[in-house]
Each structure stands twice: as C-alpha cells, then as structure tokens.
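Structural characterization, general
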Amino acid sequence: MRNVSLIQIKLSSGQQLRTHIREDQHGPSFPQSNGLPLSKTSLHLLHFYILFTMPISKLLTTGLILVGATSASFIGRRSTKSVLGCGKEPDVTLDKRVNGTLPSGRRYLFWVPPDYDEEKETPLILSFHGATRTPESQADLDLLTAPPFASDHIVVYPSSGEYGEKKGRYWQGAPQVPHDVDDVAYVLEILEDVESRFCIDTQRIYATGKSQGGLMTNNLACDARSSARIAAFAPVSGAYYVDVPEDECMPLTVEQDDCAPDRKHIPIYIFHGGSDNTIPYSGGPRSGECLPFIPHFVAEWANRDGLEGEPRSVVGLLGASDNATVYNYGSGCTEDLVRLVYSGNHVDHSWPSTVSNSDSLAHGTEPATFNASALILDFFAGYKLQGRV
C-alpha cells in the first residue's frame with residue numbers, strides 16, 4: 001500500500017515548488033505531482049531527506065525552506081497559502097461575471113471583486129445553482145457579487161451537467177443523475193484552475209448553494225477529497241436525496257450512509273423554510289427516492305461532528321419575524337459548529353431575502369424577514385480550514 005503526501009518547498013527567489021513523497025514498502029521516492037496532505041511520517045522523512053542528502057552549503061545557497069507540511073488533523077490542515085496565482089496580474093475584468101473553461105471542457109462562472117490585489121490572498125466562495133437553473137440565475141439569487149454582500153471574496157458559480165432527453169440540469173446525487181457522475185472531481189478541477197490564476201487563500205474556501213445546489217454543497221462536506229479543501233458549508237433549502245425507494249422512505253430515521261468527511265469537525269449552517277412545498281421540511285418520498293426530515297438531517301451532522309444530537313440552544317433569529325428560529329449545536333470549542341435556521345412559517349422553497357427575488361416571485365410569497373447571504377458570510381468569516389478564527 002502506498003501513501004502519497006504533499007510537500008511544498010519555497011526557494012529564496014520566492015518561487016514555490018510543489019511535490020510529493022510516495023511511500024511504500026521500498027521507502028520514500030521523490031517527486032510526484034497532484035496534492036494531498038502531508039502525514040507526520042512523511043514530514044519526518046522529508047526532514048531526513050533534506051538534511052542527509054543535501055549539503056548545508058547547498059541548502060544555504062538555494063534557500064530551501066519548508067513552508068507547508070501538515071498532518072491530517074482538524075487543526076493545521078493544508079495551512080499553506082496558494083502561491084501559484086499570487087503575483088499574477090488578473091487576466092479578466094474585475095467586478096464582472098466571467099466565464100471560465102476547464103481543460104475537461106466543463107465551464108463555470110466567476111467574479112473577482114473590484115479591489116482584488118494579486119499580492120494578497122483572497123477568500124473564495126463556491127455557490128451552486130438549483131435543479132434546472134444556471135450559474136447566472138444563482139448569482140442573481142444569492143447577490144454575493146452585488147452590494148451589500150459583495151466584499152473581499154472571489155465567487156465561483158459551477159455549472160451542473162445536463163441529463164435526459166430534455167437536457168435537465170442536475171447535480172451528483174440527484175435521482176436524475178447516473179451514479180457514476182463525479183461532480184466533486186469537477187469542483188476540485190475548478191479550484192485548481194482558479195488557484196493557478198488568482199491569489200487564493202486556501203484556508204478560506206467555502207461552499208453554499210440552493211436546492212440541488214444545497215445537495216451539492218452537502219456532497220462536498222461529505223466527500224474526503226473536498227472536505228479537506230473547503231473550510232465551511234451553508235446549504236439553503238437543500239434537496240438531500242437518499243437512495244431509498246419511495247415506499248420504504250422513513251424521513252425521521254433515513255440515514256445518509258455515504259458521508260465520510262476528511263475532518264473530524266465540519267462547520268455547517270443549514271437553512272430551510274417551513275412552507276417549502278418542493279423539498280418539504282418534513283421530508284418524504286420524492287422523485288423515486290427519500291428526503292429526510294430536516295431536523296433529523298441536522299442531527300445527523302451534529303452526531304457526525306461528535307456533538308450532541310439535540311441543540312444546545314434554540315433562539316429566535318435576531319431581527320427577524322415569522323417565527324424564524326436558530327438551532328445551535330455544540331459547546332465549548334465546538335459551539336455553534338452546526339446550526340439550523342428555520343427560515344420562517346411562510347418561507348417556501350427559497351433563498352431567504354428581505355427583497356423580492358426570483359424564488360419569492362415564483363412562489364407568490366412575500367420576501368423573508370432576513371437575508372441568508374448576510375448570515376452565511378458572517379458564518380464563513382468565523383472559520384478557516386484549520387478551525388475557528
């Protein structure tokens with residue numbers, strides 16, 4: 001069995017080299033490409049490799065400095081900054097939505113803030129559209145690229161695949177999508193592309209999304225590959241399909257058995273409306289599969305994070321009405337690690353906003369009494385990949 005671990009070496013010239021140690025029964029070998037976290041064993045091997053195979057004079061003249069080697073723990077994971085895109089003048093117009101194309105041919109939409117500085121690490125938010133929607137419609141919905149929510153972050157809007165005769169747009173894990181589709185790999189390809197072009201703070205990458213975009217956000221939180229890269233998650237009105245036949249659907253107890261995050265503690269902020277007639281708060285059969293009762297889904301995350309399955313506190317959402325309520329899980333160093341916002345008695349399948357948006361207009365409902373985007377940004381600001389700020 002082999003263990004592949006990432007190392008990053010910085011030259012005195014400022015150039016950053018990324019390589020790997022590959023360990024097997026024959027010992028370590030160098031180099032390899034494509035990044036994974038560095039184990040403690042590999043860190044020690046790297047120290048021995050540098051100290052015992054390179055003369056001190058060579059170390060001094062080349063200026064080799066170990067800058068980023070971390071073990072697979074909640075504190076200190078992937079603590080290095082992305083330098084591949086740092087110092088590069090942006091090749092796009094700032095404060096404008098721009099289309100990007102990956103080597104695989106898949107596309108995405110992104111936005112770079114007007115005050116972007118190529119010498120300063122910038123946080124990144126991934127925002128996922130719902131079923132049959134587009135990256136553009138999601139940007140219009142979350143308003144993360146417009147005042148007052150646009151700030152110092154780059155926002156990326158991935159684009160789902162198209163399936164069926166009508167070319168419907170759906171995400172991995174939805175009933176309409178083949179089981180072998182790997183949208184997590186697509187998202188990781190986006191991150192590699194964006195990090196190569198812009199100065200990204202790899203400690204501050206976040207994910208949010210609505211409906212099936214919430215499902216995709218949950219996919220990223222559950223997948224070991226992406227949960228090692230993304231600091232915090234905030235699904236809104238999520239469609240958390242579980243592959244259980246409709247006639248066997250038990251929303252109060254149905255379990256997601258394929259959720260295996262890379263980290264012990266995953267910060268997650270979940271929003272859902274009480275009048276959601278598309279993805280009901282109560283869960284139930286849908287599209288041939290099963291949707292969980294939302295408080296049960298949240299309790300599963302609390303248990304997964306090592307917290308009590310019951311909320312520590314239940315309080316009205318400050319400044320909101322319509323019975324909007326916050327359920328907080330965790331205590332001490334894990335306080336509020338998992339949160340549920342019951343968005344209100346009259347909030348349908350919507351991205352909560354105090355102004356009318358495409359969701360409230362489509363459902364013929366009044367705007368919500370709070371802005372989900374503001375709460376999500378505050379939540380994200382409280383976490384880096386290595387833990388709470």
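Residues numbered from 1 in each chain as written. Predicted model: local features only at pLDDT ≥ 70, side-chain atom pairs only at ≥ 80, totals over all residues. Heavy atoms only, no water.

1. As for the overall build of the protein
To keep things clear, this is the line we draw: Secondary structure counts use DSSP, requiring at least four H or I residues in a row for a helix and at least two E residues in a row for a strand, with both numbered from the N terminus. For each residue, the accessible area found with a 1.4 Å probe, counting protein chains only, is set against the maximum for its type, and the residue is called buried under 20%, exposed over 50%, and partly exposed in between. What makes two residues a contact is simply this: any of their non-hydrogen atoms within 4.5 Å.
Counting its secondary structure elements, the protein contains 9 helices and 20 strands. Here the protein, with 389 residues, has 52% of them falling under the buried criterion. The contacts of the protein with a sequence gap of at least 6 include a subset with a gap of at least 24, amounting to 67%.

2. Observations regarding unusual backbone geometry
A cis amide bond links proline 147 with the next residue in sequence, proline 148, at an omega value of 5°. Relative to the assigned elements, proline 148 resides in the loop between helix H3 (135-142) and strand E8 (154-158). One non-glycine residue with positive phi stands out, namely aspartate 95, at about 60°. The topology assignment puts aspartate 95 in the loop between strand E4 (65-66) and strand E5 (97-101). Of note in the backbone geometry, aspartate 322 takes a positive phi value of approximately 60° without being a glycine.

3. Topic: the side chain of aspartate 348
The criterion, for reference: None of His or the chain ends enter the tally, which takes Lys and Arg as positive and Asp and Glu as negative. The rule for a salt bridge is simple: a side-chain nitrogen of Lys or Arg has to be within 4 Å of a carboxyl oxygen of Asp or Glu. Polar contact is defined as a pair of N or O atoms within 3.5 Å, subject to the rule that within protein one atom must be able to donate a hydrogen and the other to accept it, and that residues adjacent in sequence are counted only when both atoms are side-chain atoms.
Counting through the fold element by element, aspartate 348 comes out in the loop between strand E18 (338-342) and helix H8 (358-363). Here aspartate 348 is buried and forms no salt bridge, its nearest opposite-charge partner lysine 210 lying at an N-O distance of 7.9 Å. Polar side-chain contacts of aspartate 348 include one of 3.2 Å to the backbone nitrogen of asparagine 277. Residues in contact with aspartate 348, not counting those within four places in the same chain, are Gly273, Ser275, Asp276, Asn277, Thr278, His363 and Thr365.

4. A look at the pattern of salt bridges
This model, assessed by the stated rule, comprises 13 salt bridges. Notably, a salt bridge pairs arginine 312 with aspartate 336, separated by 2.4 Å at the nearest N-O pair. Taken together, the residues span a long stretch of sequence, with arginine 312 in the loop between helix H7 (294-304) and strand E16 (313-316) and aspartate 336 in the loop between strand E17 (325-329) and E18 at a distance of 24 residues. The exposure class of arginine 312 is partly exposed, given its relative accessible area of 38%. The class of aspartate 336 is buried, set by a relative accessible area of 13%. With a shortest N-O distance of 3.7 Å, arginine 339 and aspartate 336 are connected by a salt bridge. Three or more residues are tied together by salt bridges with common partners; here these are Arg312, Glu335, Asp336 and Arg339.

5. Observations concerning the sheet that holds E16
Whenever strands of a sheet pair, they do so through backbone hydrogen bonds, lying parallel or antiparallel. What counts here: Here the rule is simple: two strands pair whenever DSSP picks up at least two bridges between them. Axis definition: a line fitted to C-alpha atoms, limited for helices to the stretch in contact. Angles are taken between N-to-C directions and run from 0 to 180 degrees.
What the 10 strands build is an open sheet, ordered E5-E6-E8-E7-E11-E12-E13-E18-E17-E16; its pairing is mixed. The open sheet has two edge strands, E5 and E16, and neither has a second partner. The average undirected angle you get between the axes of adjacent strands in this sheet is 20°. Of the strand pairs in this sheet, strand E13 (residues 268-272) and E18 are connected by 5 bridges, and their pairing is parallel. Each bridged residue has a counterpart across the sheet, and for isoleucine 268 the counterpart in E18 is valine 338. Against the sheet, helix H5 (residues 212-222) makes contact with strand E7 (122-128), strand E11 (200-210), strand E12 (232-236) and E13, and its axis sits at roughly 140° relative to E11, the strand it touches most. Contacting E7, E11, E12, E13 and E18, helix H9 (residues 372-381) crosses the sheet at an angle of about 165° to E12.

6. What to know about the nonpolar core
What counts here: Residues belong to one nonpolar core when they are buried, are Ala, Val, Leu, Ile, Met, Phe, Trp, Tyr or Cys, and are joined through side-chain atoms within 4.5 Å.
Core analysis: the biggest nonpolar cluster contains 77 residues, and Leu124, Leu126, Val156, Phe198, Leu220 and Trp301 have the highest contact counts within it. When residues in this core are grouped by element, the largest group, 7 residues, is from helix H4 (residues 183-197). Core analysis: the second largest hydrophobic core is formed by 11 residues, Ala131, Val181, Leu215 and Leu291 among them.

7. Describing the state of the cysteines
The following threshold applies: Disulfide: a pair of cysteine sulfur atoms within 2.5 Å of each other.
Per the counting criterion, the structure on display carries 3 disulfides. A sulfur-sulfur separation of 1.9 Å characterises the disulfide bridge that pairs cysteine 86 with cysteine 199. An S-S torsion of about 75° defines the bridge between cysteine 86 and cysteine 199 as right-handed. Of this pair, cysteine 86 sits in the loop between E4 and E5 while cysteine 199 sits in the loop between H4 and E11, and the two are 113 residues apart along the sequence. Residue classification places cysteine 86 among the partly exposed residues on the basis of a relative accessible area of 23%. Classification of cysteine 199 by relative accessible area gives buried; the value is 0%.

8. A short note on H5
Here H5 lies mainly inside the structure; 11 of its 11 residues are buried. Taken together, the buried positions of H5 are occupied by Gln212, Gly213, Gly214, Leu215, Met216, Thr217, Asn218, Asn219, Leu220, Ala221 and Cys222.

9. As for the packing of H4 against H5
So the rule is basically this: Comment on the angle field: the value is read as roughly parallel under 35 degrees, roughly antiparallel over 145, roughly perpendicular from 65 to 115, and oblique elsewhere. When residues are sorted by character, Ala, Val, Leu, Ile, Met, Phe, Trp, Tyr, Cys and Pro go into the nonpolar class, Asp, Glu, Lys and Arg into the charged class, and all the rest, Gly among them, into the polar class.
Where H4 contacts H5, the axes come no closer than 10 Å and their chain directions differ by 80°. By the criterion of interaxial angle, the relationship of H4 to H5 is roughly perpendicular. Of the residues in H5, those touching H4 at Asp183, Val184 and Val187 are Met216, Asn219 and Leu220. In terms of residue class, the contact of H4 with H5 is made up of 4 nonpolar, 1 polar and 1 charged.

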